[in-house]
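Survey of secondary and tertiary structure
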Amino acid sequence: MNRKKQCVAMLLAGGQGSRLAPLTSNIAKPAVNFGARYRIIDFSLSNCVNSGIDTVGVLTQYQPQELNDYLGTGRPWDLGLRFGGLHVLPPYQAVKGGDWFKGTANAIYQNLGFIKRYDPEYILVLSGDHIYKMDYSIMLKEHIENNADCTIAVIDVPLEEASRFGIMNTDDKGRILEFEEKPAHPKSTQASMGVYIFSTSKLIKYLEEDEADPESSNDFGKNVIPAMLRDGQRLFAYLYKGYWRDVGTLKSFWESNMDAIGDNPELVLNDPGWKIFFRHSFNRPQYVGEGAVIRNSICGDGNDVYGSVDHSVIFNKIAIHKGADIKDSIIMSSVQIGEDSSIEYAIVDRGAVIGKGARIGGSRDQDKLTVIARDVVIGPGSVVEPGEIVTEDRL
């Protein structure tokens, strides 16, 4: 008989992330590269490990192959355990039938068998597509002290942005009185982070009731949380005050990468007290040629830099040839950047080729982010105007 786990994490990683297209045209959003060496999912996984949670179910669905290959057995995150560890949980066909995950709540419902193997007292439900560093053990401690049925992590947002989020209205002790999904006129600025801790017995009860309702969208925010509130269950907000970004758009993705740059960055990637675990690619060291200039940037391994890089995030195995000028940009892995070309305020996805003398994007002051999709070839001397999203070769 298996030993008991106090808390099991269920990480929702099946989202398409359509607003991040074309970066998500071939891979799931949590598998998108971030910060010169990581994937987006590394942050949620590392939070679990650093918080002492060693049993994680990763629920995949959209374009899962690259994400599955990256996760493997979980060893890079110290989750290659015989009892517990990391488990990839795709939709599957059972005796009574099967289906794609119909919503966040249905995804957890379809995997109750996995949860019950470990008989946890608590279940942590979180998204695999946010950038943040959070100690879930502190949130769990508050959940236990409040004798809560559900605790929802919230972050304070500006009032003018509150309509973009699910908003929690609470009393002076943090108990949630009302939940509003993207309200036109928000009553508070406490926005849901999509991180929940449930007492297991209560979650199973409400998931089973939700699954039996043919009118339900099978979603935590739209169905399960409102049902628990209607029934007077004990729901509390946990206020998180650290860095958190929902990288749901190309602009927010660019901004969050840039938050990791600088002498005192908002997002600290090299914090020895909170390591971000990832799967190493074991590339050779970066080479910086004579006359090359790298300023205020973060760079991965295996690059050959002969040009200029300023305020940018450069991944690995990139060739930046003589005279090339890169500024305010994100360059993904295995990109070739030709001589005397320029890239400014842009995202260039992996495998792209930028020809000699090409001009990509323009000044950040124009607020028009340019994107070159995966494996696209931009021919010599070509011009890609600010704000363009190029998904086909331009020769």
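Above this note sits the structure.
Description of the structure in this document. If you're wondering where the values come from, they're calculated on a predicted model, not measured in any experiment. Numbering of residues begins from 1 in every chain and follows the order in which that chain's sequence is written. pLDDT decides what is reported in this predicted model: residues at 70 or higher carry local features, side-chain atom pairs at 80 or more are listed and counted, and totals for whole chains, interfaces and linings draw on all residues regardless. Think of the side-chain values as coming from all heavy atoms in the structure, minus any hydrogens and water.

1. Quick notes on the overall build of the protein
Secondary structure summary: the protein contains 8 helices and 31 strands in total. Compactness check: the protein gives a C-alpha radius of gyration of 22 Å against a globular reference of 21 Å for 395 residues, within 12% of the reference. Counting only C-alpha atoms and orienting by the principal axes, one finds that the protein spans roughly 65 × 50 × 40 Å. By the counting scheme adopted, Arg and Lys are positive, Glu and Asp are negative, and His together with the chain ends is not counted. In plain terms, the charge of a residue is placed at NZ if it is Lys, CZ if Arg, CG if Asp and CD if Glu. Across the protein, the centroid of the 42 positively charged side chains sits 4 Å from that of the 52 negatively charged ones. A run of H or I in DSSP counts as a helix once it spans at least four residues, and a run of E counts as a strand once it spans at least two, with each numbered from the N terminus. The atom set for the radius of gyration is the C-alpha atoms, and the globule formula is 2.2 Å times the number of residues raised to the power 0.38.

2. A closer look at the packing of helix 6 (residues 200–211) against helix 7 (residues 220–230)
Where helices are involved, their axes are fitted lines through C-alpha atoms of the stretch in contact, as for all axes, and angles between N-to-C directions lie from 0 to 180°. One way to put it is that helix 6 packs onto helix 7 with a least axis distance of 10 Å and a crossing angle of 120°. As summarised for this structure, helix 6 and helix 7 are arranged oblique, according to the angle between their axes. Crossing geometry of helix 6 relative to helix 7 is assigned as right-handed. When helix 6 is examined against helix 7, the residues Leu203, Tyr206, Leu207 and Asp210 are found in contact with a partner set consisting of Phe220, Asn223, Val224, Ala227 and Met228. Residue composition of the contact of helix 6 with helix 7, by class: 7 nonpolar, 1 polar and 1 charged. Put simply, angles under 35 degrees are roughly parallel, angles over 145 are roughly antiparallel, angles from 65 to 115 are roughly perpendicular, and the rest are oblique. When the near helix sits turned anticlockwise from the far one by under a right angle, the crossing is termed left-handed; a clockwise turn instead gives a right-handed crossing. Any two residues whose heavy atoms approach within 4.5 Å at even a single point are treated as in contact. For this scheme, ten residues count as nonpolar: Ala, Val, Leu, Ile, Met, Phe, Trp, Tyr, Cys and Pro. Four count as charged, namely Asp, Glu, Lys and Arg, and the remainder, Gly too, count as polar.

3. Section: helix 8 (residues 250–258)
Burial status follows relative accessibility: with a 1.4 Å probe on protein chains alone, a residue under 20% of its type maximum counts as buried, one over 50% as exposed, and anything between as partly exposed. Counted residue by residue, helix 8 has 7 buried out of 9 residues, so it is predominantly covered. Looking only at helix 8, the buried set comprises Leu250, Ser252, Phe253, Trp254, Ser256, Asn257 and Met258.

4. Describing the layout of surface pockets
In this structure, the largest pocket spans a volume of roughly 1700 Å³. Looking at which element gives the most residues to the lining of the largest pocket, the answer is strand 11 (residues 190–199), with 4 residues. When grouped by side-chain class, the residues that make up the lining of the largest pocket number 16 nonpolar, 19 polar and 15 charged. In this structure, the second largest pocket encloses a volume near 750 Å³. A pocket here means an open set of points on a 1 Å grid, computed over the protein atoms alone, that has protein on both sides within 12 Å along at least five of seven lines. A cavity is instead a set of points where a 1.4 Å probe fits but cannot get out; residues with an atom within 4 Å of a point line either one. Lining the second largest pocket are 32 residues, with Ala36, Arg37, Tyr38, Phe278 and Arg279 sitting closest to its centre. Where the lining of the second largest pocket is concerned, the elements lending two or more residues are strand 3 (38–39) and strand 16 (298–299). Grid points are joined across faces, edges and corners, and a volume is the space filled by probe spheres set on the points.

5. Points about the sheet that holds strand 25 (residues 346–348)
Strands pair, by our definition, only if DSSP identifies at least two bridges between them. Pairing is parallel in the open sheet, where 6 strands are placed in the order 16-19-22-25-28-31. Each of the sheet's edge strands pairs with one partner strand only, and the pair in question is strand 16 and strand 31 (389–390). In this sheet, strand 19 (residues 313–314) lies alongside strand 16 in parallel orientation, the contact comprising 2 bridges. By the bridge assignment, Cys299 is partnered in strand 19 with Ile314.

6. Observations regarding the packing of aromatic side chains
Geometry of an aromatic ring pair is reported as the spacing of the ring centres plus the angle between the planes. Stacked, tilted and edge-to-face are the three classes assigned to paired rings of Phe, Tyr and Trp, where Trp is represented by its six-membered ring and a pair needs centres within 6.5 Å; plane angles under 30 degrees give stacked, over 60 edge-to-face, the rest tilted. As enumerated under the stated definition, the model contains 15 aromatic pairs in all. An angle of 90° between the planes, with centres 4.9 Å apart, marks the rings of Trp254 and Tyr345 as edge-to-face. Of this pair, Trp254 sits in helix 8 while Tyr345 sits in the loop between strand 24 (342–344) and strand 25, and the two are 91 residues apart along the sequence. Like Tyr345, Trp254 is buried. Judged by centre distance (5.8 Å) and plane angle (55°), the rings of Tyr287 and Tyr306 are tilted. Pair noted here: Tyr287 is in strand 14 (residues 287–288) and Tyr306 is in the loop between strand 17 (304–305) and strand 18 (308–310), with a separation of 19 residues, a long-range link. Using a relative accessible area of 42% as the deciding quantity, one classes Tyr287 as partly exposed. Its relative accessible area of 37% is what places Tyr306 among the partly exposed residues. Taken together, the aromatic side chains of Phe34, Tyr38, Phe43, Phe253 and Phe278 make up a single cluster linked through ring pairs. Definition used: whenever NZ (Lys) or CZ (Arg) falls within 6 Å of the ring centre and also within 35 degrees of the ring normal, the charge is taken to sit over that ring. Over the ring of Tyr70 we find Arg39, and its NZ or CZ is 4.7 Å from the ring centre. Across the ring face of Tyr206, the terminal group of Lys205 is positioned such that the distance to the ring centre comes to 4.2 Å.

7. Notes on empty space enclosed by the protein
One pass over the structure, following the stated rule, counts 1 cavity of 30 Å³ or more. Here the largest cavity defines a volume of roughly 30 Å³. What lines the largest cavity is Leu23, Ile27, Val32, Asn33, Met332, Asp349, Arg350 and Arg374. A breakdown of the residues in the lining of the largest cavity according to their chemical character gives 4 nonpolar, 1 polar and 3 charged.

8. Quick notes on the sheet that holds strand 21 (residues 325–327)
Sheet architecture is open: 6 strands sit in the order 15-18-21-24-27-30, paired in parallel fashion. The outermost strands of the open sheet, each flanked by one partner alone, are strand 15 (293–295) and strand 30 (383–384). With 3 bridges connecting them, strand 21 and strand 24 associate as parallel partners. Along strand 24, the bridge assignment pairs Lys327 with Glu344.

9. Quick look at the pairing of strand 12 (residues 235–239)
Most of strand 12 is tucked away: 4 of the 5 residues are buried. As paired elements, strand 8 (residues 150–156) and strand 12 share 5 bridges and run parallel to each other. Looking across to strand 12, one finds that Ile152 is bridged to Ala237.

10. Overview of the nonpolar core
We call a set of buried residues a nonpolar core when its members are Ala, Val, Leu, Ile, Met, Phe, Trp, Tyr or Cys and they connect through side-chain atoms within 4.5 Å of each other. Residues Leu45, Leu124, Phe253 and Ile337 are the most contacted members of the largest nonpolar core, which totals 95 residues. In terms of residues, this core owes the most to one element, helix 1 (residues 41–50), which gives 5 residues. Setting aside residues no more than four positions away along its own chain, Phe253 makes contact with Leu20, Leu23, Val32, Asn33, Phe34, Ile40, Val247, Ile330, Met332 and Ile347. Leu89, Ile115, Tyr118 and Leu207 belong to the second-largest nonpolar core, a separate cluster that totals 36 residues.

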